[in-house]
Protein chains: 2
Amino acid sequence: MSRPSLDFWFDLASNYSYLSVMRIAALAERNGVDVHWRPFLLGPILDALGWEGPPFVVQKEKGAYVWQDMRRQCRKYALPWQQPSEFPRRTVLATRIAVLAADEPWLPDWCRAVMMRNYGDDREVDSPEAVAQMLTTLGLPAQRLIEEAGSEANRLRLRERTQAARDLGIFGAPTFFVGEEMFWGNDRLEDAIEAALGAPQNRDTA
Amino acid sequence: MSRPSLDFWFDLASNYSYLSVMRIAALAERNGVDVHWRPFLLGPILDALGWEGPPFVVQKEKGAYVWQDMRRQCRKYALPWQQPSEFPRRTVLATRIAVLAADEPWLPDWCRAVMMRNYGDDREVDSPEAVAQMLTTLGLPAQRLIEEAGSEANRLRLRERTQAARDLGIFGAPTFFVGEEMFWGNDRLEDAIEAALGAPQNRDTA
């Protein structure tokens, strides 16, 4: 039997994805669960679902609440928090880097760096300068990676990834899959881990 | 110093309110927290927010997920669950009874009876017959209560309650308040209880 595993779909611009990106590695490790990181762009999916912008921005009442909730959630999880002065931030290049790093051991580090800069420091995360700085901090060849990230082959990879998310019925982020079973939202991360441990078989769905 | 307390705003038709209606009394009791039950109608608020129906019905992708989530959540909380064949069910009379019972010790029992019939047994909960049967089961004078519930004074009471919910910025159900601090969703019930225990002072906001 293979090790228990789950698929972790997230958007680097999404605030609730921030919570899961920061929490999932330690939690999964502690439980002996493998995580398949699946960065994607939620924007095109929300467009297709008919949203005229991010739900938290369109629904002003909920939007006001979300920042209160984020402050409390970050306190609960002992995560740094600064309410971003811009939301949602552009993360296309950062996501292309993440997609390029699909099979690289530094993918989680990359995602945490982007998230922490956005939600911990309230700084933009998508300019070539910001991306280069973060990559360099991780000891990676920034210039080469930025070039490869922008290649037609990699852009296509991200579009395919986002289409795969849509085909799975994903409507928000983060979303976890244990086999074909969907768990939506950071609030369900623990449930997803538990389901992975209890699943009769663990197979990739993506 | 008064006992810790929280305000519990819920809609008798709402599936996530079902989870909190069934869980809150025991949880609050165990923690020494008083609960002020505040039934209201979410429908007029969603109308005012521009929704053309319940969000889970309008957003089909999320709607399909919600029933999966409910099944798992009910298993987690050891609550009965039958996916309702009609959603959302009409609960106006049931809610008028709940508003009438604002100061009655049987208010929680009433709400649990309505919720269990809807989400545990998949039965309608708003006909005079159904309401009378549930009231009678609780040993209450059904006919008199149904009459009082439909009085102009009590209808007004429910409209005022729903307006109060809107004034508080409520956009979904269940919603908890500890003082002026809002907690949205059954997933935040434990956080709200904890906040009530930690609040410097506990005062009614409604």
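Note: the structure precedes this text.
What you see is a predicted model; the values in this text were computed from it and never measured.

A. Here's a closer look at the pairing of strand β4 (residues 181-184) of chain B. Residues and elements named next belong to chain B. The pairing of strand β3 (residues 175-178) with β4 spans four bridges and is classified as antiparallel. Of the residues in β4, the one forming a bridge with Phe177 is Met182. Counting the residues in the hairpin turn of β3 and β4 gives two residues, including Gly179, whose phi is positive at 60 degrees.

B. Quick peek at the pattern of salt bridges. With the rule as written, the count across this model stands at 25 salt bridges over all chains. Of the charged contacts, one joins B:Arg188 and A:Asp69 as a salt bridge, the two residues approaching to 2.8 Å between their closest N and O atoms. On the criterion of chain membership, the pair formed by B:Arg188 in the loop between β4 and α10 (189-198) and A:Asp69 in helix α4 (residues 60-76) is interchain, its members lying in two chains. A relative accessible area of 4% means that B:Arg188 is categorised as buried. Its salt-bridge partner being B:Arg89, residue B:Glu86 comes within 3.9 Å of it at the nearest N-O pair. Because the salt bridges share partners, they merge into one network encompassing A:Asp69, A:Asp187 and B:Arg188.

C. Representation of the relation of the copies chain B and chain A. Note on the copies: chain B fits chain A at an RMSD of 0.0 Å, the axial shift is 0.0 Å, and the rotation between them is 180 degrees. A rotation of that kind, with that shift, is consistent with a two-fold axis. The rotation axis passes nearest to the C-alpha of B:Asp187 in chain B, at a distance of 3.6 Å. Same-surface contact between copies: 100% of interface residues of chain B are shared with the interface of chain A.

D. Molecular detail of the side chain of A:Arg72. Position of A:Arg72 relative to the elements: it lies in helix α4. For A:Arg72, a relative accessible area of 7% corresponds to the buried category. With near-sequence residues (within four places) excluded, A:Arg72 lies in contact with A:Tyr65, B:Glu181, B:Met182 and B:Phe183.

E. The arrangement of the interface of chain B and chain A in detail. Contacts between chain B and chain A engage 21 residues on the former and 21 residues on the latter. Of the roughly 2000 Å² buried where chain B meets chain A, counting both sides, 48% is carbon and sulfur surface. Summed over the shared surface of chain B and chain A, the number is eight salt bridges. One salt bridge in this structure joins B:Arg72 and A:Glu181, with 3.0 Å as the shortest N-O distance. At the level of elements, α4 (60-76) and β4 of chain B are the ones that each hand at least two residues to the side of chain B that touches chain A. The leading source of residues in the side of chain B that touches chain A is α4(B), at nine residues. When its residues are assigned to classes, the side of chain B that touches chain A shows seven nonpolar, four polar and 10 charged.

F. Geometry of the sheet that holds strand β1 (residues 5-10) of chain B. All names here are of chain B. Ordered in space as β2-β1-β3-β4, the four strands form an open sheet in which the pairing is mixed. Pairing within the sheet leaves two strands with one partner each, and these edge strands are β2 (34-39) and β4. Adjacent strand axes in the sheet meet at a mean angle of 25 degrees, parallel and antiparallel pairs treated alike. Where β1 meets β3, three bridges bridge the pair, whose relative direction is antiparallel.

About the cut-offs
- Within every chain, residues take consecutive numbers counted from 1 along the sequence as written.
- Labels follow written order: the first chain is A, the first ligand is 1, and so on.
- Whole-chain, interface and lining totals are the exception, using all residues; otherwise, since this is a predicted model, local features are given only for residues with pLDDT of at least 70 and side-chain atom pairs are given and counted only at 80 or more.
- Excluding hydrogens and water, the side-chain figures rest on all heavy atoms present in the structure.
- The pairing criterion is simple: DSSP has to find at least two bridges between the two strands.
- Helical segments are the DSSP runs of H or I of at least four residues, strand segments are the runs of E of at least two, and each set is numbered from the N terminus.
- Salt-bridge detection follows one rule: a side-chain nitrogen of Lys or Arg within 4 Å of a carboxyl oxygen of Asp or Glu.
- Three labels apply to residues, based on accessible area from a 1.4 Å probe with only protein chains included: buried if under 20% of the type maximum, exposed if over 50%, partly exposed otherwise in between.
- Least squares is the method for superposing the copies, and the C-alpha atoms it fits come from residues with pLDDT of at least 70 in both.
- Residue contacts are counted whenever heavy atoms from the two residues lie within 4.5 Å of one another.
- Summed over both partners, the accessible area lost on bringing two parts together, with a 1.4 Å probe, is the buried area.
- Under the grouping applied here, Gly and all other residues not named as nonpolar or charged are polar, the nonpolar ones being Ala, Val, Leu, Ile, Met, Phe, Trp, Tyr, Cys and Pro and the charged ones Asp, Glu, Lys and Arg.
- Between the N-to-C directions of two axes lies an angle of 0 to 180 degrees, each axis being a line fitted to C-alpha atoms and, for a helix, fitted only over the stretch in contact.

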